[in-house]
Every structure is written in C-alpha cells, then in structure tokens.
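Results of the structural survey
Spelled out, the chains give:
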Amino acid sequence: MQVKPLELGTKELMDIYYLMRLGRAIEDRLNLLYKGGKLPGAIYLGTGQEAIEIGASYALEEGDVLAPTHRDMMSQLPRGITPREVFLQHYARANSLTHGKGEDNYQGDLRRGTFATVSMLPNFYPVAAGAALAFKLRKEPRVAMAYCGEGATSVGDWHEALNVASVHNLPVVFVVINNGYAYSTPVYKEMKVANVADRAVAYAMPGVIVDGNDVVECYREAKKAVERARDGGGPTLIEAKTMRMRGHAGHDSATYVAKDIIDLWTKRDPIVRFEAYLNEKGFLNEDSKKEVIDRINAMVEDAVTFAEASPYPEPKEAIEDVYAE
Amino acid sequence: MSTPSNRMPASGNVNGGGRRETKETLFIDAITEALREEMQRDPNVFMVGEDIGTYGGAFKVTKGLLEQFGPERIIDMPVAEEAFTGMAVGAALMGMRPIVEYQYADFIHCAWDQIVNVAARIHYRTRDAVPMVMRAPSGAGLRAGPFHSQSPEGWFAHVPGLKVIVPGTPWDAKGLLKAAIRDNNPVVFFEHKYLYRRLKGPVPVDDYACHIGAAKVQRQGTDVTIVTYGAMLQTALAAADKAQEKGISVEVLDLRTIYPLDKIQILQSIAKTGKAIMLYEDTRTLGIGAEVSAIIAEEGFEYLDGPILRVSSPDAPIPYSPPLEDYFLPQVDDVMAAIDKLSAY
Ligand SMILES: Cc1ncc(C[n+]2csc(CCOP(=O)(O)OP(=O)(O)O)c2C)c(N)n1
C-alpha cells in the first residue's frame, strides 16, 4: 500500500506543484464566474491554503479515504477529482458527481477515496473515524483522513470523534486548517487555547503543528501520521497554521480582516514559496513553469466549456434516488 | 426569579386590522426592528449566535444591534449550536430572555437534543418557564442546495412543549417575533430567507404584538380555501389572482403559527368554501398538511364538498440544480391544478 516516500523526489514534487497551480487556477476561475453571475450557487475558496490542502491529502495512497469540508475542493485533486468535475458540480449539471443535487464543494467519489461531505461542521469527522473502524475490523492497511477548519473544532462532534478514534486506536488522521477566521469570527473569539493541536493531549494522541504554507512540511508530517495510523499507531491531530486569503464565501468581502494581515500573508504565498524551493533545487525554471501554467489554463478552459455545454438534469430527477434499491 | 417581563402577555391584535398608521417595511427590517424594540423594552433580552456582532449576522438581521446594545447583549459564539442553545436554556431558567440565532435553519438540527430533550421538557415536569426564542432562516428557492434550504418546521411542531412560528408578511414577522420574545415558552421562529429582501409590506408604527396561535385570512374568498404559511403565502395569493380570472373565488388562510394551530379559523374557512387545499414548502408526508387535513376530516367533515388536497414539496432532500429545485418547490401552476381538480366537485 505504501508507495510514496517520506522525502519526495522530483517527480512527486513537480506533481504537487502542478496540483497547487491547478487548484489556484480553478479557484480563480470560479471566482470570476461567480462574480459574473454565471454560477447558480455559492463559492467557498481556499486560496492561500494550497500547501496544506494538497500537501496533506497527497500523503494518502490508493485505497485510503479523504473527508474534506466546505473549503477543501483542492484537497480532492490528489484523489483524482478533475477540473471538469469541479465545474460540472458548480454549474449543477446532470453529469456532475452529485447529479446536480449537491452544491459547490460537497462532492466526492467513494471509488477514488473521497467523500461527498455535508455542510454541517464537522460532521464527517465521526464518519472518517467510522471508515477507519471498518478498515481496522477488516484488517485492511488503509487510512482515513478528515479535514476541517479551526472554527469547526468548537463543535462537540469534533471532540467526540477524536475521543472515540483514540479509544479504539483507529487509523485516522485529523487535519485542522487554522486559517485565522471562522466566517467573520477571529480565532481568539473561538477558543482560549493557543493552538488547536494542544487539544490532542486531551485525547492522548500526538498533536502536530505545521507551517500551513510550506507544502513540503505539510506533506512530510501528514505522511508520518498516515503511516503511523497504517501501522496500528492510532490517530494523529495535525494543525496547519495558515490564512484564509479571500472572504468566507463569494459574497463576503471580509472587511473585518485588517489589510496588513492580508499583506503579510500575501508575502507567504505557498505557491510562490514552493516555486522558490523548486527553483533552488533546480527542478523548476521559467520555461517549465510556463509549461505547467499553460497546460493548466488549457485544462480549466476546457473544463468550463465542457461544463457549460453539459445538460441540466431532467426536472423529475428531483425525486429520484432518495433510497437505494 | 420572575422578572416583570415574565408575566407580560402578548397583546391581542389578532388580525392586525383596523386603521393604523403603518410604514412600508422589508421583511428583514421588520425582524430587526422587533429585536431592537424588545431589547430596548426588556433588559433581560439578549442574543447569542455566530457572527451576529460586528458582522451583523449571515443575513445581516442583527446589523447595528452590537453598536446599540454592546457585546454583552449581542454575543458572538463559536460554532457550537448545541452549547449555545443549552446556554440559552440555562439563562432562561435564571430569568433572562435569550434569543438564539442559527445561521441557517439547516444548522438548528445541530442543536436538536437541547431543543427537544431539554428546552421542551422542563416546564411539563417542574412548571419552570423557559422563555427563549430560536430564530432560523429557512426555506428554498435560492439555489442553495440540500444544506442551506430546508423547511424543518414540521419536525419541531411535532415536539410538545415548543411553539413554532413561520410568518409570511413583514407585519406578522415583527408582531409575532415580539410575541415570541414575550412568551414564556421555547419558541422556534423560522424566517423564510427568500422573503428577507424581496417582500415589503405595511408594518404598524406603534408597539404591537400578534397573537401566537392565530391564523389570518389574507384574502377573502368563497369557492376554495388555500391553507398555507411562510413564503408559500405569496404562491397562494398569485394562484388566487389567476383563479379569479377564471371566476373562482379563493380564500387564503395564512396559518402564521404552526403550533399551536388555529383550528377555529381553519374550520370556519372550510365551512364557508367547502373545499381545502393545503399548500406548504415542507416535505409532504406526515407533515402540516396531514395534520390540517386530519383536523378538517375529524371536525369539519360535513362542510366538505370535495377531497382535501395537498400541494407541497415531495419527500426528498432539496436539490441544488435550478430545474430540479423548480420541480421540487410547489409552483403557482401546481396550485392551479389543485384548484381545477376541486372545481369538478
Ligand atoms: C454546525 C454548523 N454551524 C454553522 C455552520 C455555518 N458555517 C459554515 S462555514 C463556517 C465557519 C467555519 O469556520 P472554520 O471551521 O474555521 O473553516 P473556514 O471557513 O475558516 O475554512 C460556519 C459558521 C456550519 N457549516 N455548520
């Protein structure tokens, strides 16, 4: 099952770079489409969080499962969710992964190991623990990973999930993206602990803090936690410190965030930072960068065109599939 | 620990009629005004919820209230519906009058246990009042998908101990919210989010409260009664206009309160028209339509000239895609089909 190494080589690093750039490009386009009134629904963007969004879920292997939340579209890209699928979902078309029934980022594909989660936070923390329980019961070397924001850690379900996962020593990795805000509420109004990771002590599991804008570190710590879980070592809590660089959703201009905070974090842009790293290692130059960006732009273009040309579901499908056969 | 406001009853004004000075007011502003006035009137009233302070709430219902009343009465909470609902119960038992705002009605489910097993189960055993209001934006029509569009009033109406209100006009939104805040029971108050900035109507300028448990005839008619509430009131009125063109006179009865139900007005209207259509946005089965039909069947059977019909959402979650959502929601044409069907009787 374990395929990826702890220290990544050129191929994987360039793969991650491609996924981060792809995530950014998809979100930039979603933002434009939303502002232009092209999408029926809302958008929740994770711009600025590419390092943890992609770095952590990249540590999963085939057969593992991922449970994202509302802002984590990018975390699904390493699981094989495609740009076409992302745009089909937002455009609410019949051939989307949720058949036009689910909105924005609440999509997934069990066969590729990623859940279509729900909006209620963090309802898939217990569900991820349940997937891990199934793996444990069947003695399969598989791991579940759940994402959520720091805001969601105030909910009882979050604590219950960590506790049961710990008590039953389940192969699950809990990733919390601490991006400074829950909607308009700053972290200091959400919790008194200095770090979400400090809460791991209460559940006797390792609590790890990572620089959420350093994709190599995000990957490495996630990878360690995933393999620890796979080896029967139980759950880990990972807290990634980062910043939400756009409003809570498309309608929110986030005037409650001071401009100098945004300026500060703009300088820490995870993609720019990773480019510098790849440059230094000799893996990336202006030509190869342009090649990646051109390829991605073409893919996004294709995905939007494809989604716009795709049909809506038939109205009566509204009442179909409420129950399994 | 009873406070003066604990004993203050809601004033009458069942039909909000009479010749009173009114002001054209948006549905959302009527709600904000009710909150503001009740907080001014009674120092025991305070609010808890997510992003209700500086941000003014997800829909901006509490905009300006932090500035006026300060952070001790407009209290931002972490994402923790179960906790702050339970806290409201505790504060209510100590003589306060908390108002809880849920960001969407879909998230009121996260506080289900505190509402159903705690708030609604106290007075029955100990006779201690739990005066609290739980406000939540409900309803579909905004392409918001399965998790931001639900109309869960039926679930709550099924819980003895709770009162459930779904206003359909700015007048009633303000008057019923005031009544809810003055009521000595846990009240669940659903605000249809589609109406917030789309529906404007007259609101009395004087202090008033509507009667909880009283329906209101929003349009007089003689041939068919549509019993409805919330945003579906607009659909009912549009259908009534269309039916008028065909010479069918439709009476529209707005329930306003889902629990307690105004049996008397329901029966009075059916006695007049002999025909009943239940129109509601909640899902079809075992819901408000079934309850009203049962009341009519049990106590108004002899008034009936035809079957009682239900026009509602189907038994399914609310889909995101526009054609699916339009199919899902009851439309004027669906009501017209029911009216036509009843014309045969
Ligand atoms: C139980 C619950 N209550 C309220 C909401 C509404 N809501 C959606 S996102 C959000 C803020 C979440 O903040 P955080 O968990 O930090 O994630 P972020 O949005 O910052 O990525 C809220 C309150 C929700 N989704 N679930």
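- Under an unreviewed UniProt entry, the name given to chain A is Pyruvate dehydrogenase, and the source organism is Candidatus Aquicultor secundus.
- The UniProt entry for chain A carries the following comment under Cofactor (unreviewed entry): "thiamine diphosphate".

1. Some remarks on the overall build of chain B
- Of regular secondary structure, chain B possesses twelve helices and 14 strands.
- What you see for chain B is a C-alpha radius of gyration of 20 Å, in line with the 20 Å of a compact globule of 345 residues.
- The buried share of chain B, reckoned over its 345 residues, is 62%.
- For chain B, contacts bridging at least 24 residues in sequence account for 83% of all contacts bridging at least 6.
- The centroid of the 34 positive side-chain charges in chain B is displaced by 4 Å from the centroid of its 43 negative side-chain charges.

2. Re the overall build of chain A
- A tally of helices and strands in chain A yields nine helices and seven strands.
- Since a compact globule built from 325 residues should have a radius of gyration of about 20 Å, the 19 Å found for chain A is in line with a globular shape.
- With respect to the principal axes defined by its C-alpha atoms, chain A has extents near 55 × 50 × 40 Å.
- The burial tally for chain A puts 58% of its 325 residues in the buried class.
- For chain A, long-range pairs separated by at least 24 residues make up 75% of all intrachain contacts whose partners lie at least 6 apart in sequence.
- Carbon and sulfur atoms make up 55% of the accessible area of chain A, which totals about 13200 Å².
- For chain A, the separation between the mean place of its 38 positive charges and that of its 46 negative charges on side chains is 2 Å.

3. Quick look at the site of the ligand
- The environment of the ligand is made up of 20 residues, and the closest members are A:His70, A:Arg71, A:Gly151, A:Tyr181 and B:Glu81.
- Looking at what sits near the ligand, you find residues from chains A and B.
- A distance of 3.1 Å separates an oxygen atom of the ligand from a polar side-chain atom of A:Glu150.
- In this structure, A:Ala152 approaches the ligand through a main-chain N or O atom, which is 2.9 Å from an oxygen atom.
- Protein coverage of the free-state accessible area of the ligand, which is 580 Å², stands at 96%.
- When its residues are assigned to classes, the shell around the ligand shows nine nonpolar, seven polar and four charged.

4. Focus on the pairing of strand β4 (residues 97–101) of chain B
Residues and elements named next belong to chain B.
- With five of five residues buried, β4 is to be regarded as a mostly interior element.
- The two faces of β4 match: Arg97, Ile99 and Glu101 on one face and Pro98 and Val100 on the other face are all buried.
- By the bridge criterion, five bridges tie strand β2 (residues 45–49) to β4 in an arrangement that is parallel. Among the inter-strand pairings, Val48 is bridged to a residue of β4, identified as Val100.
- Bridging between β4 and strand β5 (residues 132–138) involves three bridges; their strand directions are parallel. Following the sheet pairing, Val100 is matched in β5 by Met134.

5. Details of the packing of aromatic side chains
- Applying the stated criterion across every chain yields a total of 19 aromatic pairs over all chains.
- On the basis of an interplanar angle of 50° and a centroid distance of 5.7 Å, the ring pair of A:Tyr181 and A:Tyr256 is categorised as tilted. Here A:Tyr181 is found in strand β4 (residues 181–182), whereas its partner A:Tyr256 is found in the loop between β7 (236–241) and α7 (259–266), with 75 residues between them in sequence.
- Taking the centre distance of 5.2 Å and the plane angle of 70° together, the rings of B:Phe59 and B:Tyr104 count as edge-to-face. Of this pair, B:Phe59 sits in the loop between β2 and α2 (65–69) while B:Tyr104 is found in the loop between β4 and α4 (112–118), placing the two residues 45 residues apart along the sequence. No difference in accessibility class separates B:Phe59 from B:Tyr104, as the two residues are buried.
- Linked through ring pairs, B:Phe27, B:Phe59, B:Tyr104, B:Phe107 and B:Tyr196 together constitute an aromatic cluster.
- A cation sits over an aromatic face here: A:Lys4 above A:Tyr58, 4.4 Å from the ring centre.
- Sitting over the face of the ring of A:Trp265, A:Arg268 holds its NZ or CZ atom 4.4 Å from the ring centroid.

6. Things to note about the sheet that holds strand β6 (residues 207–211) of chain A
Residues and elements named next belong to chain A.
- Taking strand neighbours across the sheet as the criterion, the five strands line up as β1-β2-β3-β7-β6 in an open arrangement whose pairing is parallel. What marks the edges here is a single partner per strand, and that holds for β1 (65–67) and β6. Put simply, the sheet's adjacent strands are angled 20° from each other on average, direction ignored.
- Note: β6 against β7, five bridges, orientation parallel. What sits directly across from Val208, in β7, is Ile238.
- Packing of helix α2 (residues 50–57) onto the sheet brings it into contact with β1, β2 (144–149), β3 (172–178), β6 and β7, and relative to β2 it is tilted by some 165°.
- Strand contacts of helix α4 (residues 124–137): β1, β2 and β3, with the helix running at about 170° to β2, the strand carrying the most contacts.

7. Structural notes on the domain arrangement of chain B
Residues and elements named next belong to chain B.
- Here chain B is partitioned into domain 1 (24–204) and domain 2 (216–343).
- Computed over C-alpha atoms, the centres of domain 1 and domain 2 are 26 Å apart.
- Across the domain 1 to domain 2 interface the summed buried area is about 2000 Å²; carbon plus sulfur atoms make up 56%.
- Area buried by domain 1 at its contact with domain 2 is led by Arg143, Val166 and Asp172, which between them contribute 27% of it.
- Linking domain 1 with domain 2 are four salt bridges.
- For Arg143, the salt bridge goes to Glu325, with nearest N and O atoms at 2.8 Å.
- Between the two partners, domain 1 and domain 2, sit 13 residue pairs in polar contact (both at pLDDT 80 or more).
- Contributing elements (two or more residues each) for the side of domain 1 that touches domain 2: α6 (153–157), β6 (163–165) and α7 (170–182).

8. Quick notes on the sheet that holds strand β14 (residues 309–313) of chain B
Residues and elements named next belong to chain B.
- On the basis of which strands lie adjacent, the open sheet formed by five strands has the order β9-β11-β10-β13-β14 and mixed pairing. The sheet is open, and its two edges are formed by β9 (216–219) and β14, each paired on a single side. Each adjacent strand pair in this sheet contributes to an overall mean axis angle of 25°, direction not counted.
- In the sheet, β9 pairs with strand β11 (residues 250–254) via three bridges, with the strands oriented antiparallel. Residue pairing in the sheet places Arg219 in a bridge with Val252 of β11.
- Lying over the sheet, helix α9 (residues 263–273) contacts β9, β10 (224–228), β11 and β13 (276–283), oriented at roughly 175° with respect to β11.

9. Points about the UniProt feature "domain: Dehydrogenase E1 component" (unreviewed entry) in chain A
- According to UniProt, the positions carrying the feature "domain: Dehydrogenase E1 component" (unreviewed entry) are residues 20–316 of chain A.
- Helix makes up 40% of residues 20–316 of chain A and strand makes up 10%, while its end C-alpha atoms are separated by 38 Å.

Calculation notes
Residues numbered from 1 in each chain as written. Chains lettered and ligands numbered in written order. Predicted model: local features only at pLDDT ≥ 70, side-chain atom pairs only at ≥ 80, totals over all residues. Heavy atoms only, no water. UniProt positions renumbered as here; feature names shortened; annotations may be inferred. Helix = DSSP H or I, 4+ residues; strand = E, 2+ residues; numbered from the N terminus. Rg over C-alpha atoms; globule rule 2.2 N^0.38 Å. Buried < 20%, exposed > 50% of the residue type's maximum accessible area, 1.4 Å probe, protein only. Contact = heavy atoms within 4.5 Å. Lys, Arg positive; Asp, Glu negative; His and termini not counted. Charge placed at Lys NZ, Arg CZ, Asp CG, Glu CD. Areas by Shrake-Rupley, 256 points an atom, 1.4 Å probe, with all protein chains shown as cover. Near = heavy atom within 4 Å. Polar contact = N/O pair within 3.5 Å; in protein donor to acceptor, adjacent residues only side chain to side chain. Nonpolar A, V, L, I, M, F, W, Y, C, P; charged D, E, K, R; others polar. Pairing = 2+ DSSP bridges. Phe/Tyr/Trp six-rings, centres within 6.5 Å; stacked < 30°, edge-to-face > 60°. Lys NZ or Arg CZ within 6 Å of the ring centre and 35° of its normal. Axes fitted to C-alpha atoms, helices over the stretch in contact; angles between N-to-C directions. Domains from an automatic or database assignment. Buried area = accessible area lost by both parts, 1.4 Å probe. Salt bridge = Lys/Arg side-chain N within 4 Å of Asp/Glu carboxyl O.

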